[in-house]
Amino acid sequence: MAPLDAPPQNGCAIECRTVTYRLPTGPALVSDLNLQVNTGETLVLLGRSGSGKTTTLKLMNRLLEPSSGEIFVAGRPGSVWDLIQLRRGIGYVIQDAGLFPHWSVERNVALVPHLERWPEDKVRARVAEMLELVGLAPGQFAARRPAELSGGQKQRVGVARALAADPPILLMDEPFGALDPVTRADLQKEFRALASRLQKTIVFVTHDVREALYLGTRIALLAEGRLLGTYLPEEFLATSEPEARAFAASLHLGAGNQEVR
Amino acid sequence: MNWYDFLLRNRSEVLERSVEHVGLVAASMAIALVIGLPLGIALVRRLTLQRWVLGAANVVQTIPSLALFGFLIPVPWIGGVGASTAIVALALYALLPILRNTCTGIAGVDPAVIESARGMGMTPRQVLWQVQLPLAAPVMLAGIRVATVISIGVTTIAAAIGAGGLGVFIFRGVAMVNNQVILAGAIPAALLAIVADFGLGAIQRSVAKR
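Residues numbered from 1 in each chain as written. Chains lettered and ligands numbered in written order. Predicted model: local features only at pLDDT ≥ 70, side-chain atom pairs only at ≥ 80, totals over all residues.

Examining the overall build of chain A
Here is step 1: Across its full length, chain A carries 11 helices and 10 strands.
Here is step 2: For 261 residues, the compact-globule estimate of 2.2 N^0.38 gives 18 Å, and chain A sits close to it at 19 Å.
Here is step 3: Judged by the C-alpha coordinates and their principal axes, chain A covers about 55 × 55 × 35 Å.
Here is step 4: Split into buried and exposed, the 261 residues of chain A put 44% on the buried side.
Here is step 5: In chain A, of all internal contacts separated by at least 6 residues, the share reaching a separation of at least 24 is 69%. (Helix = DSSP H or I, 4+ residues; strand = E, 2+ residues; numbered from the N terminus. Rg over C-alpha atoms; globule rule 2.2 N^0.38 Å. Buried ≥ 20, exposed ≤ 12 C-beta atoms within 10 Å, placed from the backbone. Contact = placed C-beta atoms within 7 Å.)

So, in structure tokens, the structure goes:
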């Protein structure tokens, strides 16, 4: 089987073709989704709560299976991929970081390299490199438990863990959503620099329009399980699409509120 | 004569009965663990079946111990008077705390941790052994601790159906209206329970800290 980082033929890292995901009880969380994620871009899935953005993300690493339609990763249909191999080639970061509380930071970051049976010295070097990359001094943090980290530090470790086996694709589900605004701004800034340097394909879920505009090279707008359109950040504020207008308006309202206070 | 004079004078029989007692507890706990742990793990995601099994184990737990021994005596193969019937009854008693705590311990693991484990490409087996079981271990150990202490207590009653153990002194003492004989069984049994509770509690705390 071709590795995940083999250059896809059409420059498309992930492609959703007429994907629908329906709960066993009936309602569709994602309906007839057609979406292409280009290699090397940061695509932001933007939408309100319940718009289907997290569901879309979980369909991409097959934590959920589509009810109909097909998702292609690196040009190959998802159903052809070995589930475990596919996931190990896709980094995954979630809001609460999901670090293993019974493991040290070092062991958490080493998760996928260990699963892939890298030699021990290579794993150790890689963990140190990853911790440096996300701004945590390995000597100070490697031996700590997740409980001994702040929220921002946990998220940094989560990113380091997702990047450890150098996956070509990174899925991020509101990774900065639970952080205080100052820490969040720091991480957003660092992450933007990191993303442009690493040239990964990133799919980033958020409901924060500021974050979408700041981090996204392209924004996919979702509402009620449907894709309303994809926009470049500069197009997003100019479009007449009502949901995009609503998000743009919330941007101004937020600024207004801050001035009043 | 004081009760400890009696205890000293009969120390070889007290020791023998204590060993018997511990043997009954160990055998029944071994059976309960071999059945309870895998069954509990298998039931984690099968909620309907879990309700039924826990319900059944709960009913067993509710049956008074002497009555349970009585129920088992006429059962072919396992029944009859003696240690084997007692071990079956004791294992049935130990099953509920082990099953329940295995289920609740695993179900109580943070879903975000499980989701990221699966999302990072761990196989279901790896998720179970490397994530769910280590994180559920303190709760599971608490169940084993409760089961062991209950078991030590109920085993004293097993003497009534000829299984031996420290209960022999208690029943004999009651029949003889002799407090010293009663205490020669009751005090070692109580000490066993306290030591087991303390020891397993220490293990539980050290596992929780890891």
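Structural notes on the interface of chain A and chain B
The extent of an interface is frequently quoted as the accessible surface area lost upon association of the parts.
Here is step 1: Contacts between the two partners involve 15 residues from chain A and, on the opposite side, 14 residues from chain B.
Here is step 2: Of all elements in the fold, only α2 (83-88) and α4 (111-115) of chain A reach the threshold of two or more residues within the side of chain A that touches chain B.
Here is step 3: Taken together, the residues that form the side of chain A that touches chain B break down as nine nonpolar, three polar and three charged. (Nonpolar A, V, L, I, M, F, W, Y, C, P; charged D, E, K, R; others polar.)

Regarding the packing of helix α3 (residues 47-62) of chain B against helix α5 (residues 83-107) of chain B
Residues and elements named next belong to chain B.
Here is step 1: α5 packs onto α3 with a crossing angle of 145 degrees between their chain directions and a minimal axis gap of 8 Å. Crossing of α3 over α5 shows left-handed handedness. Residues Q50, V53, L54, A57, N58, V60 and Q61 of α3 form the contact with α5, whose participating residues are L92, Y93, L95, L96, L99, R100 and C103.
Here is step 2: The class makeup of the residues in the contact of α3 with α5 is 10 nonpolar, three polar and one charged. (Axes fitted to C-alpha atoms, helices over the stretch in contact; angles between N-to-C directions. Left-handed = near helix turned anticlockwise from the far one by under 90°.)

Comments concerning the pairing of strand β8 (residues 201-206) of chain A
All names here are of chain A.
Here is step 1: Counted residue by residue, β8 has six buried out of six residues, so it is predominantly covered.
Here is step 2: Both faces of β8 are covered, namely the face carrying T201, V203 and V205 and the face carrying I202, F204 and T206.
Here is step 3: With five bridges joining them, strand β3 (residues 42-47) and β8 adopt parallel strand pairing. Note on β8: the bridge partner recorded for L43 is V203.
Here is step 4: Across five bridges, the pairing between strand β7 (residues 169-173) and β8 is parallel. (Pairing = 2+ DSSP bridges.)

Re the environment of B:C103
Residues and elements named next belong to chain B.
Here is step 1: Summarising the element assignment, C103 is placed in helix α5.
Here is step 2: Residue classification places C103 among the buried residues on the basis of 26 C-beta atoms within 10 Å.
Here is step 3: Apart from the residues lying within four places of it in its own chain, the contact partners of C103 are G40, L43, V44 and Q50.

Structural notes on the sheet that holds strand β4 (residues 68-73) of chain A
All names here are of chain A.
Here is step 1: The strand order across the open sheet formed by four strands is β2-β1-β4-β5, and the pairing between neighbours is antiparallel. In this open sheet, the two strands that pair with only one neighbour each are β2 (28-38) and β5 (76-77).
Here is step 2: Most of the contacts of helix α1 (residues 53-60) go to β2, to which it runs at about 60 degrees, and overall it touches β1 (12-22), β2 and β4.

Describing the nonpolar core
Here is step 1: Membership of the largest hydrophobic core comes to 123 residues, with the highest contact counts inside it found for A:A220, B:L90 and B:A158.
Here is step 2: When residues in this core are grouped by element, the largest group, 15 residues, is from α5(B).
Here is step 3: Those residues within four positions of B:A158 in sequence are excluded, and the remaining contacts are B:L24, B:F69, B:A86, B:L90, B:A163, B:G165 and B:G167. (Core = buried A, V, L, I, M, F, W, Y, C linked by C-beta atoms within 7 Å.)

Observations regarding the sheet that holds strand β9 (residues 218-223) of chain A
All names here are of chain A.
Here is step 1: With mixed pairing, the six strands of this open sheet are ordered in space as β6-β7-β8-β3-β9-β10. Because the sheet does not close on itself, it has two edges, and the strands there are β6 (90-93) and β10 (226-231). On average, each strand axis in the sheet is tilted by 15 degrees relative to the strand beside it, whichever way the strands run.
Here is step 2: As defined by bridge partners, β9 adjoins β10 across five bridges and the pair is classed as antiparallel. Each bridged residue has a counterpart across the sheet, and for L222 the counterpart in β10 is L227.
Here is step 3: In this fold α1 packs onto β3, β7, β8 and β9, with an angle of close to 150 degrees to the strand it touches most, β8.

Examining the environment of A:Q85
Here is step 1: By secondary structure assignment, the location of A:Q85 is in helix α2.
Here is step 2: It is 23 Å that separates the C-alpha atoms of A:Q85 and A:Q95, two residues lying 10 residues apart in sequence.

Structural notes on the environment of A:E243
All names here are of chain A.
Here is step 1: Relative to the assigned elements, E243 resides in helix α11 (residues 242-260).
Here is step 2: Since 19 C-beta atoms lie within 10 Å of it, E243 is described here as partly exposed.
Here is step 3: Residues in contact with E243, not counting those within four places in the same chain, are L221, A223 and L228.

Things to note about helix α4 (residues 65-72) of chain B
Here is step 1: Those residues of α4(B) lying buried are B:S65, B:L68 and B:F69. Buried residues of α4(B), viewed axially, fall in a sector of 100 degrees; they line one side. (Arc of directions from axis to C-beta.)

Overview of the confidence of the model for chain B
Residues shown with low pLDDT carry predicted positions that ought not to be read at fine detail.
Here is step 1: The predicted model of chain B has a mean per-residue pLDDT of 87, with 99% of residues at 70 or higher.
Here is step 2: Scored by ipTM, the complex comes to 0.84, with pTM at 0.83. (pLDDT = per-residue confidence, 0-100.)

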